[in-house]
Amino acid sequence: MNKFETNAIRTQLERSNNLEHSVPLYLTSSFVFEDAEDMRASFAEEKERNIYSRYSNPNSSEFVKKVCQMEGAEAGFAFASGMAAVFSTFAALLDSGDHVLSARNIFGSTHALFTKFFPKWNISHTYFKIDDLDTIENLITPQTKIIYAESPTNPGVDVVDLELLGSIAKKYNLILIIDNCFASPYLQQPINFGADLVIHSGTKLMDGQGRVLAGITVGNAELMDKIYRFSRITGPALSPFNAWVISKSLETLAVRVDRHCENALKLAQFLEGHDKVNWVKYPFLRSHPKYEIAKKQMKAGGCVVAFEVKGGLEAGQQFFNSIKLLSLSANLGDSRSIVTHPASTTHSKLSISERAETGITDGTVRVSVGLEHSEDIIRDIQQALQ
Ligand SMILES: *Cc1c(COP(=O)(O)O)cnc(C)c1O
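Residues numbered from 1 in each chain as written. Predicted model: local features only at pLDDT ≥ 70, side-chain atom pairs only at ≥ 80, totals over all residues. Heavy atoms only, no water.

Asks: Just give me the short version of the pattern of salt bridges, but keep the residues and values in it.
Replies: Considering all chains together, one arrives at 20 salt bridges under this definition. Here Arg-49 and Asp-38 are joined by a salt bridge, their closest N and O atoms 3.2 Å apart. You can see Arg-49 sitting in the loop between α2 (36-43) and α3 (58-71) and its partner Asp-38 sitting in helix α2, a full 11 residues away along the chain. The class for Arg-49 is partly exposed, based on a relative accessible area of 25%. Two residues, Lys-281 and Asp-158, come together in a salt bridge whose shortest N-O distance is 2.5 Å. (Salt bridge = Lys/Arg side-chain N within 4 Å of Asp/Glu carboxyl O. Helix = DSSP H or I, 4+ residues; strand = E, 2+ residues; numbered from the N terminus. Buried < 20%, exposed > 50% of the residue type's maximum accessible area, 1.4 Å probe, protein only.)

Asks: Quick rundown of the site of the ligand? Include the residues and the values.
Replies: Near the ligand the following residues occur: Ser-81, Gly-82, Met-83, Phe-107, Glu-150, Asp-179, Cys-181, Phe-182, Ser-201, Thr-203, Lys-204 and Ala-214. A distance of 2.8 Å is found between an oxygen atom of the ligand and a side-chain nitrogen or oxygen belonging to Ser-201. With the chains in place, 91% of the 380 Å² that the ligand exposes on its own is no longer accessible. Its residues placed into classes, the shell around the ligand shows five nonpolar, four polar and three charged. (Near = heavy atom within 4 Å. Polar contact = N/O pair within 3.5 Å; in protein donor to acceptor, adjacent residues only side chain to side chain. Areas by Shrake-Rupley, 256 points an atom, 1.4 Å probe, with all protein chains shown as cover. Nonpolar A, V, L, I, M, F, W, Y, C, P; charged D, E, K, R; others polar.)

Asks: Quick rundown of the packing of aromatic side chains? Include the residues and the values.
Replies: The relation between two aromatic rings is expressed through the spacing of the ring centres and the mutual angle of the planes. Enumeration over the complete set of coordinates arrives at 15 aromatic pairs. On the basis of an interplanar angle of 65 degrees and a centroid distance of 5.0 Å, the ring pair of Phe-77 and Phe-79 is categorised as edge-to-face. Its relative accessible area of 6% is what places Phe-77 among the buried residues. Residue class for Phe-79 comes out buried when judged on its relative accessible area of 0%. With a centroid separation of 6.0 Å and 55 degrees between ring planes, the pair formed by Phe-77 and Tyr-228 is classed as tilted. With a gap of 151 residues between them, Phe-77 in strand β1 (residues 75-79) and Tyr-228 in helix α9 (residues 221-234) connect regions that are remote in the sequence. By way of ring pairs, the aromatic residues Phe-90, Phe-114, Phe-118, Tyr-127 and Tyr-148 are connected into one cluster. Seen from the ring of Tyr-127, Arg-104 lies directly overhead, with NZ or CZ sitting 4.7 Å from the centre. The ring centre of Tyr-55 lies 4.0 Å from the NZ or CZ of Arg-232, which sits over that ring. (Phe/Tyr/Trp six-rings, centres within 6.5 Å; stacked < 30°, edge-to-face > 60°. Lys NZ or Arg CZ within 6 Å of the ring centre and 35° of its normal.)

Asks: Kindly report on unusual backbone geometry, identifying the contributing residues and their values.
Replies: Cis geometry marks the peptide bond from Ser-151 to Pro-152; its omega dihedral reads -10 degrees. If you trace the backbone, Pro-152 turns up in the loop between β4 (144-150) and α7 (162-171). At Leu-19, a position not held by glycine, the phi torsion is positive, near 55 degrees. Locating Leu-19 in the fold gives a position in the loop between α1 (4-10) and α2. Residue Asn-122 is not a glycine yet carries a positive backbone phi of 60 degrees. The residue Asn-122 is located in the loop between α5 (108-117) and β3 (124-128) in this model.

Shown next, in the form of structure tokens:
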């Protein structure tokens, strides 16, 4: 059995007659048939082949094949963005009247999907507190179909016990879906802990260089078939070009993520001793409340560090205005380090009490630690704190 790094590079499509070394880009919307019988058999799904790029394309198939290999999944489908994957997965699996039990600490757009759009289709949700997993079972109703969570969470870098969620989902026969975007398949494979489906925004660590939007859902073959049938009709498919870019990026995922984590841990350790900082959160810091769980389910701590600048909103803004090297942006998982102020950007649409529930204060800073030299990253943050 080859290791993760080898599979990431060696899992690829069969070579064409040109014997290319690197998989070529298939910019084609459709595919041709040999004859009438081939056409009939293809549409009858008697053979596995490409028909139309809304259904499948060699480049998206390569991306799916690699991520299935990384996550230990049976099947998958590639989407135009992470949110297309989130939406299509729910839309394919849920019926009117169904209920979703979700962690409170989730990506802002997923929260907006639950609260603003689900009610239109008579789909309800309840949030559970990730610090209080014991009470989850009380929140399950006869209508509950899915348990949903992210780990580590955004932007608070909290850690959810995946094994515990897996055992609850199994006990009540619910579908467990994990958004694994913050960890990447290199650091954590939720299927090992009982997840049925795993979602990624490929836009983040998978591409890792801030170029393309992409998303993917992988997991149980029966569930994936439902998601595939919904998606080939509704059209959220990933473009061949973006699939080609991200498939190449996966070849370097392990080396990149190793360095992201190394740099992030150094920054977290530096901040932990700093007198202008109230608190620091990073899964692989001993002071993290879920350090033991993080160690159990992750290979390293990821690229995101959260901390609070002393002095509230004003000190927070002064910190951002003093940053010189790092980018002020809302993205993450990029080779360039990025600082974000969640209270005024990604989570600005939440009320103050909603923000408090997800652990975001006015002074909370989220750093997506990139691949620049760690000394340069730390120096910029140090001078901004000063
Ligand atoms: C960015 C992100 C998404 C959405 O992905 P897009 O590619 O931006 O649509 C979903 N979940 C998490 C945790 C994310 O960070």
